[in-house]
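# Residue-level structural notes
Letter by letter, the chains look like this.
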Amino acid sequence: MTELPPPLPADDARIQAALTDTLRLAAVRETGLLDSIAEESFDRLTRLASTITGAPVTFISLLDAHRDFYKSTFGMGEPLSTLRQLTGRTFCHYSMVSDGPLVLEDATQLPVFRDVPTVASLGVRAYAGIPLKTEAGEVLGSFCAVDFKAKQWTEKDIEILVELAHSTMREIRLRRALRDAEVLNQQLVEQIQKVDALNLALNELARTDPLTGLRNRRAFDDSLELELAVVERTQSPLSLLMLDVDHFKQINDNFGHEAGDKVLRSIAQVLSGCVRIIDIVARVGGEEFAVILPHTDAQGAHEVAQRMRVAVAQAGWLSQPTTISIGAASLRDAESACSLFARADAALYAAKKSGRNRVVTA
């Protein structure tokens, strides 16, 4: 290559300012490479640099405030190959503040450079370092080649090192992009989970009576169809109760709608306290309730209905007693949900017509 005058070394103040620059340090640490393990994607580049240039030692350095960390090393002896870091002034510090590649054919013959500690401690004589620079202009470190004898670096050597430095930066950017993509993916997963939870909550709201917290008519209809499907598989008994608050209009007229709402909420609590966890209590109309009783025959349904009727009558929320009328029906062979509901509803009508506060079984 054309012989050039030896580069002028930067002074210590300029190097120290660059080493401790907060923006540069942030860029170095954002790579996530400091103190990371050796990786083939980087080691492949340093091996290639040695093979092509003939330099016995090649490495990728990242410049922290008080040390050089070697992300990849080739040809380094102990303890550097294990420690993978070096403190004190290094050639990479001068490369960091150079305008381009820092090329030294024999550091022992150059003022200031001859005083770099590794000249005496490791016997370094030739050095070629390419700054690893971000798109924002922050220098992360250097892609370097070292020889222990004087070496005339060729233009081809420097071109190769420059290209490998670019490849190193592409690898760093790729790692950052993958890490960002992983973060975004995790955020997306969290957002999807939130949307799923919201959809579940909205679905629950759509199936819940807002006044009593019981299932609404839509949820009741779905549940009854599901229970019929279970019966078809298991041949187990199934019963249905239809309930209505007696003289509810008088409660609203005498005490107001707020009192009426309180009665409905209280009745919902009483009914829920009279059933098993597998039973389904729903509000299916203004003052009408329904209870699905899986694995329950006619006698069991009548017992549950009587328990509910007595519990409501004895609750005494108002100055006058509040009662309910109940119609009970048990599923017949091959009977539809519509038919079962109609029979229970007819039994409820019969209970109200015959004096209220009673249970009638279809």
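What counts, and at which threshold
- Residue positions are given per chain, counting from 1 as you read along its sequence in written order.
- Local features in this predicted model are restricted to residues of pLDDT 70 or higher, and side-chain atom pairs are both shown and tallied only at a pLDDT of 80 or more, whereas totals for entire chains, interfaces and linings draw on every residue.
- Where side-chain values are given, they derive from all heavy atoms of the structure, hydrogens and water being excluded.
- Secondary structure elements follow DSSP: runs of H or I no shorter than four residues count as helices, runs of E no shorter than two count as strands, and numbering proceeds from the N terminus.
- Throughout, a contact is declared for two residues whenever any of their heavy atoms are within 4.5 Å.
- Contacts described as polar in this section are N or O atom pairs within 3.5 Å, which, within protein, must combine one atom able to donate a hydrogen with one able to accept it, while residues neighboring in sequence count only if both atoms come from side chains.
- Each axis is a line fitted through C-alpha atoms, and for a helix only the stretch in contact is used; angles between axes span 0 to 180 degrees, taken between their N-to-C directions.
- When an angle is under 35 degrees it counts as roughly parallel; over 145 it counts as roughly antiparallel; between 65 and 115 it counts as roughly perpendicular; any other value is oblique.
- Just so you know the grouping, Ala, Val, Leu, Ile, Met, Phe, Trp, Tyr, Cys and Pro go in nonpolar, Asp, Glu, Lys and Arg go in charged, and all remaining residues, Gly too, go in polar.
- Only protein chains enter the accessibility calculation, which uses a 1.4 Å probe; a residue is then buried when its area is under 20% of its type maximum, exposed when over 50%, and partly exposed in between.
- Pairing between two strands is assigned when DSSP locates at least 2 bridges connecting them.

## Let's talk about the environment of lysine 71
Mapping lysine 71 onto the fold places it in strand β2 (residues 68-74). Distance in space between the C-alpha atoms of lysine 71 and valine 360 is 84 Å, their sequence separation being 289 residues. Other than its neighbours up to four places away in sequence, lysine 71 contacts Leu33, Ser36, Ile37, Ala38, Glu39, Phe42, Asp43, Ile60, Leu62 and Arg84. In this structure the side chain of lysine 71 is engaged in a polar contact, spanning 2.6 Å, whose partner is the side chain of glutamate 39.

## Quick word on the packing of helix α9 (residues 248-255) against helix α10 (residues 257-273)
The relative placement of two packed helices is expressed as an angle between their axes plus a distance between the axes. Look at α9 against α10: their axes get within 6 Å of each other, and the N-to-C directions meet at 135 degrees. As the angle between them shows, α9 and α10 are arranged oblique. Mapping the contact onto sequence places Phe248, Ile251, Asn252 and Phe255 in α9 and His257, Ala259, Gly260, Val263 and Leu264 in α10. Taken together, the residues of the contact of α9 with α10 break down into six nonpolar, three polar and no charged.

## Quick word on the pairing of strand β8 (residues 280-283)
Covered by surrounding structure in β8 are Ile280 and Ala282 together with Val281 and Arg283, the residues of both alternating faces. Linking β8 to strand β9 (residues 288-294), which pair antiparallel, is a turn of four residues.

## Here's the deal with unusual backbone geometry
Following glutamate 78, the chain continues to proline 79 via a peptide bond in cis, the omega torsion being 5 degrees. Although it is not a glycine, arginine 84 adopts a positive phi angle of roughly 60 degrees. Here arginine 84 lies in the loop between α4 (80-83) and β3 (85-86). Phi angles above zero are rare outside glycine, and histidine 295 is one such case at about 55 degrees. Considering the arrangement of structural elements, one finds histidine 295 in the loop between β9 and α11 (298-313).

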